[in-house]
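# A closer look at the structure
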Amino acid sequence: MDDSFEPIDQGLRTAYQATTYRVQSPRFDLRIGQVNLALDQWLAAAGFQTWCIITAYHPGSKQRSEKENELAQGKLMQTIDAAGFPRLPAINQPDAPDWPPEPSMLVLQCSQEQALQWAKDFGQRAVVYGGLTQAPELLWT
């Protein structure tokens, strides 16, 4: 994947921030900059400290076909599974109707460096990253 992108414009930043990052089971709705106490309780009980939300859909923030997206997402899941990280299904649900929801996943116990590497490897502009008692943040590639 090409990891050279034009600078992040305010519209793209706003779109990423205006999205609900929904972990499907157990259910947690995450927003950038907002601590989720239910997630924190679950993480503490399960013994996890860090996490990221990542997708392989629409690399470079450019819409791709469903087939291309599904193939890339399958490769990302295989990469994460091969590295031994637990993951849960999620979906990125934009507030605005002009961008489709994107299947994603919550990957547990990953470092910022690992999350950024996966994002770069799969052509993503950013990855959502957080940890126990930390608000989700965008890490730009």
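Before going further, it helps to spend a moment on the overall build of the chain. A tally of regular secondary structure across the chain gives four helices and seven strands. In the chain, the order of α-helices and β-strands from amino to carboxyl end is α-β-β-α-β-α-β-β-α-β-β. Computed over the C-alpha atoms, the radius of gyration of the chain is 14 Å, within 12% of the 14 Å expected from 2.2 N^0.38 for a compact globule of 141 residues. Dimensions along the principal axes, computed over C-alpha positions, put the chain at roughly 40 × 30 × 25 Å. Residue burial in the chain is summarised as follows: out of 141 residues, 41% are buried. If you take every contact in the chain between residues at least 6 apart in sequence, the share linking residues at least 24 apart comes to 62%. When the accessible area of the chain is evaluated, it comes to approximately 7,200 Å², of which 51% is carbon and sulfur surface. Taking the average location of the 11 positive side-chain charges in the chain and that of its 16 negative ones, the two points are 2 Å from each other.

Moving on to the side chain of T55. Its place among the elements puts T55 in the loop between β3 (50-54) and α3 (66-82). T55 sits in the buried class, given a relative accessible area of 5%. At 3.4 Å, the side chain of T55 forms a polar contact with the side chain of Q73. From its side chain, T55 meets the backbone oxygen of P103 in a polar contact 2.6 Å long. Once residues within four sequence positions are removed from consideration, T55 is found in contact with Q73, L76, N92, E102, P103, S104 and Q124.

What follows covers helix α4 (residues 112-121). Of the positions making up α4, those classed as buried are A115, W118 and A119. Considered in projection along α4, the buried side chains sweep an arc of 100° and stay on one side of the axis. Trailing α4 by a residue or two, G123 shows a phi angle of about 70°, which is positive.

With that out of the way, let us pick up empty space enclosed by the protein. Evaluated as defined, the whole model comprises one cavity of 30 Å³ or more. As a volume, the largest cavity reaches approximately 40 Å³. The wall of the largest cavity is formed by L30, Q34, V35, N36, L39, D40, W51, G131, Q134 and P136. Along the lines of polarity and charge, the residues of the lining of the largest cavity split into five nonpolar, four polar and one charged.

Our next topic: helix α2 (residues 37-46). All of the buried residues along α2 are L39, D40 and L43. Take α2 and look down its axis: the buried residues cluster within an arc of 100°, on one side only. When the buried face of α2 is taken as reference, the exposed residues oriented beyond 90 degrees from it are L37, Q41 and A45. Buried residues in α2 make contact with β2 (27-30), β3, β5 (102-108) and β6 (126-131). One side-chain oxygen at the N-terminal end of α2 lies 3.1 Å from the backbone nitrogen of A38; it belongs to N36.

Scoring rules and cut-offs
Throughout, a residue's number is its position along its own chain's written sequence, starting from 1. Only residues with pLDDT of at least 70 are given local features in this predicted model, and only at 80 or more are side-chain atom pairs given and counted; all residues enter the totals for whole chains, interfaces and linings. The side-chain figures draw on all heavy atoms in the structure; neither hydrogens nor water molecules are used. Secondary structure elements are taken from DSSP: a helix is a run of H or I of four residues or more, a strand is a run of E of two residues or more, and numbering for both begins at the N terminus. Between the two quantities, the radius of gyration covers C-alpha atoms and the globule rule is 2.2 Å times the number of residues to the power 0.38. When accessible area is computed with a 1.4 Å probe and restricted to protein chains, residues below 20% of their type maximum are described as buried, those above 50% as exposed, and intermediate ones as partly exposed. Residue contacts are counted whenever heavy atoms from the two residues lie within 4.5 Å of one another. Areas reported here follow the Shrake-Rupley algorithm with a probe of radius 1.4 Å; residue values treat only the protein chains shown as occluding. His is not counted, nor are the chain ends; Lys and Arg add positive charge and Asp and Glu add negative charge. Where a charge sits is defined by one atom per residue type, namely NZ (Lys), CZ (Arg), CG (Asp) or CD (Glu). For this analysis, a polar contact is any N or O atom pair within 3.5 Å, provided that within protein one partner can donate a hydrogen and the other can accept it, and provided that sequence-adjacent residues contribute only side-chain to side-chain pairs. In this description, the arc belongs to the directions extending from the helix axis to the C-beta atoms. As defined here, a cavity is a set of points on a 1 Å grid over the protein atoms alone where a 1.4 Å probe fits but cannot get out. A pocket is an open set with protein on both sides within 12 Å along at least five of seven lines, and residues line them when an atom is within 4 Å of a point. Grid points are joined across faces, edges and corners, and a volume is the space filled by probe spheres set on the points. In the scheme used here, Gly and all other residues not listed as nonpolar or charged are polar, with Ala, Val, Leu, Ile, Met, Phe, Trp, Tyr, Cys and Pro taken as nonpolar and Asp, Glu, Lys and Arg as charged.

Honestly, it's all geometry; don't read function into it.
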